[in-house]
Amino acid sequence: MDHPPLRDVPTTWPVAESADLHRDGWVVALREDRIRRPGHPDEEPFRRVVLEHPGAAVVLAVDARERVLCLWQYRHAAGHRFVEIPAGLMDGEDEDPLDVARRELGEEAGLAAGEWTHLVSTYASPGISAELAHIYLARDLSDVGRGDFEPQHEEAEMEAAWVPFDDLLAGVLEGRLCDAPLVIAILVAHARGLAGAARHDGVPAGVQKEGAAT
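Residues numbered from 1 in each chain as written. Predicted model: local features only at pLDDT ≥ 70, side-chain atom pairs only at ≥ 80, totals over all residues. Heavy atoms only, no water.

Structural notes on the overall build of the chain
Rules: Only runs of H or I of at least four residues qualify as helices and only runs of E of at least two qualify as strands under DSSP, and these elements are numbered from the N terminus. Under the scheme applied here, a residue whose accessible area is under 20% of the maximum for its type counts as buried, over 50% as exposed, and between as partly exposed, the area being computed with a 1.4 Å probe on protein chains only. Note on definitions: a residue-residue contact is assigned when non-hydrogen atoms from the two residues lie within 4.5 Å. The accessible surface values rely on the Shrake-Rupley method and a 1.4 Å probe; as for residues, cover is taken only from the protein chains in view.
Looking only at helices and strands, one finds 3 helices and 11 strands in the chain. Taking all 214 residues of the chain together, the buried fraction comes to 35%. Look at the contacts in the chain between residues 6 or more apart in sequence, and 57% of them connect residues 24 or more apart. Here the chain has roughly 13000 Å² of accessible surface; of this, 52% comes from carbon and sulfur atoms.

Focus: the side chain of aspartate 63
Position of aspartate 63 relative to the elements: it lies in the loop between β4 (56–61) and β5 (67–75). Judged by its relative accessible area of 11%, aspartate 63 falls in the buried class. Those residues in contact with aspartate 63 that lie beyond four places of it in its chain are Arg139, Leu141 and Trp162.

Topic: the pairing of β4
This is how it is decided: Strands pair, by our definition, only if DSSP identifies at least two bridges between them.
With 6 of its 6 residues buried, β4 lies for the most part within the structure. Because side chains alternate across β4, one face comprises the buried residues Ala56, Val58 and Leu60, and the other comprises Ala57, Val59 and Ala61, equally buried. Pairing geometry for β4 and strand β7 (residues 87–89), over 3 bridges, is antiparallel. Among the inter-strand pairings, alanine 57 is bridged to a residue of β7, identified as glycine 88. Pairing geometry for β4 and strand β9 (residues 132–143), over 6 bridges, is parallel. The residue of β9 that forms the bridge with leucine 60 is leucine 137.

Here we look at the sheet that holds strand β1 (residues 15–22)
Stated formally: As a rule, the C-alpha atoms of each element are fitted with a line to give its axis, helices using only the stretch in contact, and angles between N-to-C directions run from 0 to 180 degrees.
Taking strand neighbours across the sheet as the criterion, the 3 strands line up as β1-β2-β3 in an open arrangement whose pairing is antiparallel. Bordering the open sheet on either side are β1 and β3 (46–52), each of which pairs with just one other strand. This sheet shows a mean twist of 25 degrees between the axes of neighbouring strands, independent of strand direction. Across 7 bridges, the pairing between strand β2 (residues 29–35) and β3 is antiparallel. Residue pairing for β3: glutamate 32 is matched across the bridge by valine 49.

Points about the environment of alanine 64
Inspection of the secondary structure assignment puts alanine 64 in the loop between β4 and β5. For alanine 64, a relative accessible area of 80% translates into the label exposed. Sequence spacing of alanine 64 and leucine 141 is 77 residues, and the spatial spacing of their C-alpha atoms is 8.3 Å.

As structure tokens, then:
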């Protein structure tokens with residue numbers, strides 16, 4: 001083997017000091033750590049800024065016609081109105097990401113799904129953020145309504161529509177669609193033959209049916 005093992009390994013370097021740069025009642029916080037390389041206790045600590053984030057769940061909802069439920073939403077930090085798919089924040093470390101995915105699909109799209117497949121979990125920008133996004137494919141969709149959920153702020157201006165999966169794939173490959181969760185979900189689902197023209201016959205491995213034993 002001429003390279004380290006091809007897997008990501010949890011590890012923590014020694015932290016000499018830690019201080020909050022910003023922390024309030026919102027979902028994220030900004031922290032400054034001064035860390036050292038392992039095995040080098042005499043070196044001067046160096047500064048790293050960490051964006052604490054609770055994590056998120058993302059849903060690629062695909063109907064029987066191989067169309068994806070898409071959302072058009074303004075994102076102020078990036079100065080764009082993005083084509084996205086339903087997503088939401090984790091409420092706590094102990095919350096099951098699949099439960100978050102179910103909740104967000106209901107709140108943002110008024111849908112429930114009978115089949116769930118975990119596509120991938122990814123760190124958005126591990127150089128600065130601890131955010132981990134769990135991305136799911138949802139099928140066997142049914143309309144359940146949004147209940148008493150009332151969209152506010154950017155979500156109040158959000159638009160929703162069904163888009164053919166292969167049109168989204170083309171948009172990703174041509175660089176017209178840039179939202180990371182959407183891009184990752186589309187490419188992984190395509191690579192695994194789970195959606196669009198590349199979909200395999202039958203029920204692919206990894207599909208979890210609602211109500212089935214796990």
